[in-house]
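# Inside the fold
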Amino acid sequence: PPAVGFKEIGSRAQAGPAILLLEELTRLGRPDAIQITEECVTVGAVLFLGQSIGRIDRAALAGMAPDEQKAWLEQVSGKFPNATMTWDEISADRVKFTIRSCRLHTLAVQSGHPELAPLFCKGDGAFFSGEGVSLERPGTLANGADSCPFTLTFAD
């Protein structure tokens, strides 16, 4: 059905090119269609997340008062058209949040390409890991879990 609302339109803008790429590579008989699509999705996710929220700055978080942290979290949440999230913890040591629903997962399934959903998760993993931060995510919606719990822990 037609997209309704900002979040649905934004989610389709993110998922659509990956769906079309996979379908075209498959139509062309490329045995590496999923790998090529994964590489493109990962690069796209890292660019999108880098431009929309940037790296999470440990020192900045530590210097924020609780009301400033809350305002920052609300600002970050608003930049994700594809996910509904709750914030579980924010401190100088770690940031925890849980994705309760993901439109990218839903769109991948609805388009007949559920194999794409885990690729979007890998893109998140590529962005949120490294540069002094480790990501722990024991399950994802794409892999059958009820939610995607993210724990970002800052390295000493």
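Residues numbered from 1 in each chain as written. Predicted model: local features only at pLDDT ≥ 70, side-chain atom pairs only at ≥ 80, totals over all residues. Heavy atoms only, no water.

## Points about helix α1 (residues 5-27)
Cut-off, in case you're wondering: In this text, helices come from DSSP runs of H or I with a minimum length of four residues, and strands from runs of E with a minimum of two, each type numbered from the N-terminal end. The length a helix should cover is 1.5 Å for every residue beyond the first. Here the bend at a residue means the angle between the axes of two seven-residue stretches, the one that ends at it and the one that starts at it. Contacts are assigned to residue pairs with any non-hydrogen atoms lying within 4.5 Å of each other.
Between its first and last C-alpha atoms α1 spans 32 Å; for 23 residues at 1.5 Å apiece the expected length is 33 Å, and the two agree. Of all the bends in α1, the largest measures some 35 degrees and sits at A15, one to four residues before the proline P17. On its buried face, α1 is in contact with α2 (33-52), α5 (103-110) and α6 (117-128). Remark: G29 follows α1 within two positions and exhibits a positive phi of approximately 80 degrees.

## With respect to the side chain of T140
Basically, it comes down to this: Residue burial is assigned from relative accessible area. The probe radius is 1.4 Å, only protein chains are included, and a residue is buried under 20% of its type maximum, exposed over 50%, and partly exposed in between.
In this fold, T140 is placed in the loop between β3 (133-136) and β4 (148-154). The class of T140 is buried, set by a relative accessible area of 4%.

## Description of the packing of α1 against α2
Helix packing for two helices is described by the angle between their axes and how far apart those axes are. Quick reminder of the rule: Under this scheme, a helix contributes an axis fitted over its contacting stretch, all axes are lines through C-alpha atoms, and angles between N-to-C directions fall in the 0 to 180 degree range. Note on terminology: angles under 35 degrees are roughly parallel, angles over 145 are roughly antiparallel, angles of 65 to 115 are roughly perpendicular, and the others are oblique. For a crossing to be left-handed, the near helix must be turned anticlockwise from the far one by less than a right angle; the clockwise case is right-handed. Each residue is assigned to one class: nonpolar for Ala, Val, Leu, Ile, Met, Phe, Trp, Tyr, Cys and Pro, charged for Asp, Glu, Lys and Arg, and polar for all the others, Gly among them.
Axis separation between α1 and α2 bottoms out at 9 Å; the angle between their running directions is 160 degrees. In terms of their interaxial angle, α1 and α2 are classed as roughly antiparallel. Note that α1 runs across α2; the crossing there is right-handed. Along the contact surface, α1 presents Q14, A18, L21, L22, L25 and T26, while α2 presents A33, I34, I36, T37, C40, V41 and F48. Of the residues contributing to the contact of α1 with α2, the split by class is ten nonpolar, three polar and no charged.

## Section: the nonpolar core
Heads up, the rule is: Buried Ala, Val, Leu, Ile, Met, Phe, Trp, Tyr and Cys residues that are joined via side-chain atoms within 4.5 Å together make up what is termed a nonpolar core.
I56, V95, F97, I99 and F128 are the most contacted members of the largest nonpolar core, which totals 39 residues. Of all elements in the fold, only α1, α2, α4 (66-77), β1 (83-90), β2 (94-102), α5, α6 and β4 reach the threshold of two or more residues within this core. With six residues, the top contributor of residues to this core is α6. Apart from the residues lying within four places of it in its own chain, the contact partners of I56 are L61, W72, V95, F128, L152 and F154.

## Some points on the pairing of β1
As a reminder of what qualifies: We call two strands paired when DSSP finds no fewer than two bridges between them.
Across seven bridges, the pairing between β1 and β2 is antiparallel. Opposite T86, over in β2, you have T98 as the bridge partner. Remark: three residues form the turn of the hairpin made by β1 and β2, two consecutive strands paired antiparallel.

## Re the side chain of S91
We apply this condition: Polar contact is the term for a pair of N or O atoms within 3.5 Å; when the atoms are in protein, one must be able to donate a hydrogen and the other to accept it, and sequence-neighboring residues count only if both atoms are side-chain atoms.
Structurally, S91 is set in the loop between β1 and β2. Engagement of the side chain of S91 in a polar contact is seen with the backbone nitrogen of D93, the distance being 3.2 Å. With near-sequence residues (within four places) excluded, S91 lies in contact with L61 and F154.

## Quick notes on the packing of α1 against α5
Where α1 contacts α5, the axes come no closer than 9 Å and their chain directions differ by 55 degrees. By the angle class used here, α1 and α5 are oblique. Every pair of crossing elements has a handedness; the one defined by α1 and α5 is right-handed. Together, K7, E8, S11, R12, Q14, A15 and I19 of α1 and R103, L104 and L107 of α5 make up the contact between the two elements.

## Details of the packing of aromatic side chains
For clarity, the cut-off: Centres within 6.5 Å make a pair out of two Phe, Tyr or Trp rings, where for Trp the six-membered ring is used; the pair is then stacked when the planes are under 30 degrees apart, edge-to-face when over 60, and tilted otherwise.
The full count for this structure, using the stated rule, is six aromatic pairs. Summarising the aromatic geometry, the rings of W87 and F97 are spaced 5.0 Å apart at their centres and angled 45 degrees between planes, so their arrangement reads as tilted. Taken together, the residues span a long stretch of sequence, with W87 in strand β1 and F97 in strand β2 at a distance of ten residues. Overall, the relative accessible area of 23% leaves W87 in the partly exposed class. Ring centres 5.8 Å apart and planes at 70 degrees place the aromatic pair F128 and F150 in the edge-to-face group. Of this pair, F128 sits in helix α6 while F150 sits in strand β4, and the two are 22 residues apart along the sequence. Like F128, the residue F150 is buried in the burial classification. Members of the aromatic cluster, connected to one another through ring pairs, are W72, W87, F97, F127, F128 and F150.

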